[in-house]
Amino acid sequence: MSQPLYVFDMDDTLIDGDCAMIWNEFLVDQGIATDPDFLAQDRHLMSLYARGEMDMEDYLDYVMQPLFALPVEQVHALVEACVDSRILPRLFPQAKVLIEQLSADGIPMLIISASVSFLVEAVARKIGIEHALGIDMAVRDGRYTSEIVGVPSYREGKVTRLENWLLTHPELVGKLHFFTDSINDLPLCLHADFAYLVNPCVRLAQHAHQPHWQVLRWG
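By the naming in an unreviewed UniProt entry, the chain goes by HAD family hydrolase and is assigned to Vibrio furnissii.

Draft legend 1. Inspection of helix 7 (residues 156-168) at higher detail. Those residues of helix 7 that sit buried are Gly 157, Lys 158, Val 159, Arg 161, Leu 162, Trp 165 and Leu 166. Check the buried side of helix 7 and you find it contacts strand 1 (5-8), strand 2 (109-116), strand 3 (131-140), strand 5 (176-180) and helix 8 (186-191).

Draft legend 2. Fine view of the pattern of salt bridges. For the structure shown, the criterion picks out ten salt bridges. For Glu 100, the salt bridge identified is with Lys 96, shortest N-O distance 2.6 Å. Here Glu 100 pairs with Lys 96, and both are found in helix 5 (residues 93-104), just four residues apart, close to one helical turn. The exposure class assigned to Glu 100 is partly exposed, which follows from its relative accessible area of 44%. Linking Lys 158 and Asp 185 is a salt bridge whose minimum nitrogen-to-oxygen distance equals 3.0 Å. Here the residue Lys 158 occupies a position in helix 7, and Asp 185 occupies one in the loop between strand 5 and helix 8, the gap between them amounting to 27 residues. Judged by its relative accessible area of 1%, Asp 185 is buried.

Draft legend 3. Broad picture of a negative patch on the surface. There is a patch of like negative charges on the surface, built from Asp 55, Glu 57, Asp 58 and Asp 61. Along the chain, Glu 57 turns up in helix 3 (residues 56-63).

Draft legend 4. View of unusual backbone geometry. Phi is positive for Asp 12, which is not a glycine, with a value near 60 degrees. In this fold, Asp 12 is placed in the loop between strand 1 and helix 1 (19-29). For His 212, which is not glycine, the phi dihedral falls at a positive 65 degrees. When you line up the elements, His 212 lands in the loop between helix 9 (202-205) and strand 7 (213-216).

Draft legend 5. Representation of the packing of aromatic side chains in the model. Across all of its chains, the model carries ten aromatic pairs by this definition. Seen in terms of ring centroids, Phe 92 and Trp 218 are 6.3 Å apart; in terms of plane orientation they differ by 65 degrees. Their pairing is edge-to-face. A residue pair is termed long-range when its members are at least 10 positions apart, and Phe 92 in the loop between helix 4 (72-87) and helix 5 and Trp 218 in the segment after strand 7 qualify at 126 residues. Judged by its relative accessible area of 12%, Trp 218 is buried. Ring plane angle 35 degrees and centroid distance 6.1 Å describe the contact between Phe 179 and Trp 218, whose orientation is recorded as tilted. Taken together, the residues Phe 179 in strand 5 and Trp 218 in the segment after strand 7 connect sequence positions 39 residues apart. Three or more aromatic residues joined by ring pairs make a cluster, and in this case those are Tyr 6, Phe 8, Phe 92, Phe 179, Tyr 196 and Trp 218.

Reading the values: the criteria
Residues numbered from 1 in each chain as written. Predicted model: local features only at pLDDT ≥ 70, side-chain atom pairs only at ≥ 80, totals over all residues. Heavy atoms only, no water. Buried < 20%, exposed > 50% of the residue type's maximum accessible area, 1.4 Å probe, protein only. Helix = DSSP H or I, 4+ residues; strand = E, 2+ residues; numbered from the N terminus. Contact = heavy atoms within 4.5 Å. Salt bridge = Lys/Arg side-chain N within 4 Å of Asp/Glu carboxyl O. Patch = residues over 30% accessible without salt bridge, like charges linked within 9 Å, V, L, I, M, F, W, Y side chains within 5 Å. Areas by Shrake-Rupley, 256 points an atom, 1.4 Å probe, with all protein chains shown as cover. Lys, Arg positive; Asp, Glu negative; His and termini not counted. Charge placed at Lys NZ, Arg CZ, Asp CG, Glu CD. Phe/Tyr/Trp six-rings, centres within 6.5 Å; stacked < 30°, edge-to-face > 60°.

Have a look at this one:
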């Protein structure tokens, strides 16, 4: 019998907060994002995300701008500092225990997030999850752009990205357990064999009656 595969959304699921917003606040504090309206616009765009109405291309066109002048290596160093100081302390205790248990049992885990890959991969590595998928951003002349590479891991795109990833990891195909908080992840919840709604938003909670779905209260 094949082993299960545990798949996690990241923001407000494993982490108590949105890592992209935490990252953007970090960029302001570091003097890298200098637009005085940057955080206000970020909050506005994320309010659209919470309602399932965000245009991901518009969002990335805006929030990637502060990184255009920075070499990729500098961005990665900043990500490491942000994750260590601001994101890891917000890992839900229940998530930490579950990750440690699954790791001890040899059960494969994957984070799939609508945040950018360089942020998702850093968080996954730090919390002990081997595999990670985020939105891949094109690099030109050693610097990130706001151009999305391939299918963004957002809404139905998460299902597409997961299915494509499993084609290259056939040894990890098994009963799919998916954890999320967001209505944007309803397609992947419906695709999964088991769904776990972590402090779900109101709209996602309305679907909690589905077979093999559970509501979890983490904090």
